[in-house]
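Spelled out from the first residue to the last, the chains are:
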Amino acid sequence: MFQTNTYQGSLEEKYTLLTKQLDALLEGEKDQIANLSNASSLLNQFLSDVNWVGFYLWKENELVLGPFQGMPACVRIKYGKGVCGTAAKEERTLRIEDVHTFPGHIACDAASNSEIVVPLLKNGSLIGVLDIDSPSKNRFSEEDQKGLEQFASTLLKHL
């Protein structure tokens, strides 16, 4: 039923196809954990040069580990702490070229060198963040950011 895809075209075209696949994959399913699990798997299959792809969910004033692909991770992140907590607090995507230069970076996986975090806001309320790490510095481009924000926007329709 499922197979690994090879994406063709520009990075923008690839993200557009990925987002369409996500929408079709999640169509009709309302379970948040199932949808986040499939979203993290789809992203992990799509992205190259990443070592962690997943979600932290907003619960009782902190971010709590949700579905992910990668090494075991920090379970709880305080609001405003690390890249994830800061993106949640500022309600904006953070694209960090070198996590070792980010004040207060939380090192869950020592192999991570760059990171992008997209806050998940539904009806103006924070529900979590999409967090992606790479072992390479400066892995995530502006095009990646736009594509991942588009992906997150489509995902939010199914949460």
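Just above sits the structure.
Since the model is a prediction, treat every value here as computed from it, not as a measurement. (Residues numbered from 1 in each chain as written. Predicted model: local features only at pLDDT ≥ 70, side-chain atom pairs only at ≥ 80, totals over all residues. Heavy atoms only, no water.)

For the rest of this paragraph, the subject is the packing of aromatic side chains. Across all of its chains, the model carries 4 aromatic pairs by this definition. For the ring pair Trp52 and Phe68, a centre distance of 5.1 Å and an interplane angle of 15 degrees mean the geometry is stacked. With Trp52 in strand 1 (residues 52-59) and Phe68 in strand 2 (residues 62-70), this pair connects stretches of sequence that are 16 residues apart. (Phe/Tyr/Trp six-rings, centres within 6.5 Å; stacked < 30°, edge-to-face > 60°. Helix = DSSP H or I, 4+ residues; strand = E, 2+ residues; numbered from the N terminus.)

Residues apart from glycine generally show negative phi values, whereas peptide bonds are mostly found in trans. At Glu60, a position not held by glycine, the phi torsion is positive, near 50 degrees. For Glu60, the position within the fold is in the loop between strand 1 and strand 2. Glu60 sits in the exposed class, given a relative accessible area of 78%. Although it is not a glycine, Asn138 sits at a positive phi angle of roughly 55 degrees. As for its placement among the helices and strands, Asn138 is situated in the loop between strand 6 (125-134) and helix 4 (142-156). (Buried < 20%, exposed > 50% of the residue type's maximum accessible area, 1.4 Å probe, protein only.)

Moving on, we get to the packing of helix 1 (residues 11-26) against helix 4. Remark: helix 1 packs on helix 4, axes separated minimally by 9 Å, with the N-to-C direction vectors making an angle of 15 degrees. Here helix 1 is positioned roughly parallel relative to helix 4, judged by the angle of their axes. The element helix 1 and its partner helix 4 pack so that their crossing is right-handed. Two secondary-structure elements touch here, helix 1 through Leu11, Glu12, Tyr15, Thr16, Leu18, Thr19, Leu22, Asp23 and Leu26 and helix 4 through Glu143, Asp144, Gly147, Leu148, Gln150, Phe151, Thr154 and Leu155. Its residues assigned to classes, the contact of helix 1 with helix 4 shows 8 nonpolar, 5 polar and 4 charged. (Axes fitted to C-alpha atoms, helices over the stretch in contact; angles between N-to-C directions. Parallel < 35°, antiparallel > 145°, perpendicular 65-115°, else oblique. Left-handed = near helix turned anticlockwise from the far one by under 90°. Contact = heavy atoms within 4.5 Å. Nonpolar A, V, L, I, M, F, W, Y, C, P; charged D, E, K, R; others polar.)

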